[in-house]
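Listed below, chain by chain, are the residues.
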Amino acid sequence: MPEEKDMIRIEGRVIDALPNTTFKVMLDNDLEILAHISGKMRQNFIKIVPGDKVVVELSPYDLKKGRIVYRKK
């Protein structure tokens, strides 16, 4: 499993909400990925709706899936 320092952080905008807290996110570099909510956001009941700006962590091994780690205001 990659360490925290190996993850790639990039900003994007949520474009669609899918089942099981999965979202389609359009990144700032015009790539569309699938992302799920990180455990701390789920634990603290952070709500995410389409249109929100978020920060996504991507693994260097699979650039099509990510984890939402922060929701911007």
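Residues numbered from 1 in each chain as written. Predicted model: local features only at pLDDT ≥ 70, side-chain atom pairs only at ≥ 80, totals over all residues. Heavy atoms only, no water.

Enquirer: Looking at this model, I keep getting lost on the nonpolar core. Mind explaining?
Expert: For soluble globular proteins, nonpolar side chains are generally found buried alongside one another. Phe23, Val25, Ile48, Val56 and Ile68 are the most contacted members of the largest nonpolar core, which totals 13 residues. Put simply, the parts of the chain that give this core at least two residues each are strand 2 (22-27), strand 3 (32-37) and strand 4 (53-58). Beyond its immediate sequence surroundings of up to four residues, isoleucine 68 is in contact with Phe23, Val25, Ala35, His36, Ile37, Ser38, Met41, Ile48, Val54, Val55 and Val56. (Core = buried A, V, L, I, M, F, W, Y, C linked by side-chain atoms within 4.5 Å. Buried < 20%, exposed > 50% of the residue type's maximum accessible area, 1.4 Å probe, protein only. Helix = DSSP H or I, 4+ residues; strand = E, 2+ residues; numbered from the N terminus. Contact = heavy atoms within 4.5 Å.)

Enquirer: Is there a simple way to explain the pairing of strand 2 in this structure?
Expert: For a regular strand, side chains alternate in direction, first toward one face of the sheet and then toward the other. Relative to strand 2, strand 1 (residues 8-18) runs antiparallel, the two sharing 6 bridges. Looking across to strand 2, one finds that aspartate 16 is bridged to lysine 24. The antiparallel hairpin formed by strand 1 and strand 2 contains 3 residues in its connecting segment, where asparagine 20 sits at a positive phi of about 60°. The turn joining strand 2 and strand 3, which pair antiparallel and follow one another in sequence, is formed by 4 residues; a positive phi near 65° is taken by aspartate 30. (Pairing = 2+ DSSP bridges.)

Enquirer: What am I meant to see in the pairing of strand 3 here?
Expert: Side chains of strand 3 alternate between two faces, with Ile33, Ala35 and Ile37 buried and Glu32, Leu34 and His36 left unburied. Sheet topology places strand 2 next to strand 3; 5 bridges connect them, and they run antiparallel. Bridge assignment links threonine 22 to a residue of strand 3, and that residue is histidine 36. As paired elements, strand 3 and strand 5 (residues 65-71) share 4 bridges and run parallel to each other. Its bridge partner lying in strand 5, isoleucine 37 is registered against isoleucine 68.

Function cannot be read off these values alone, since they describe shape.
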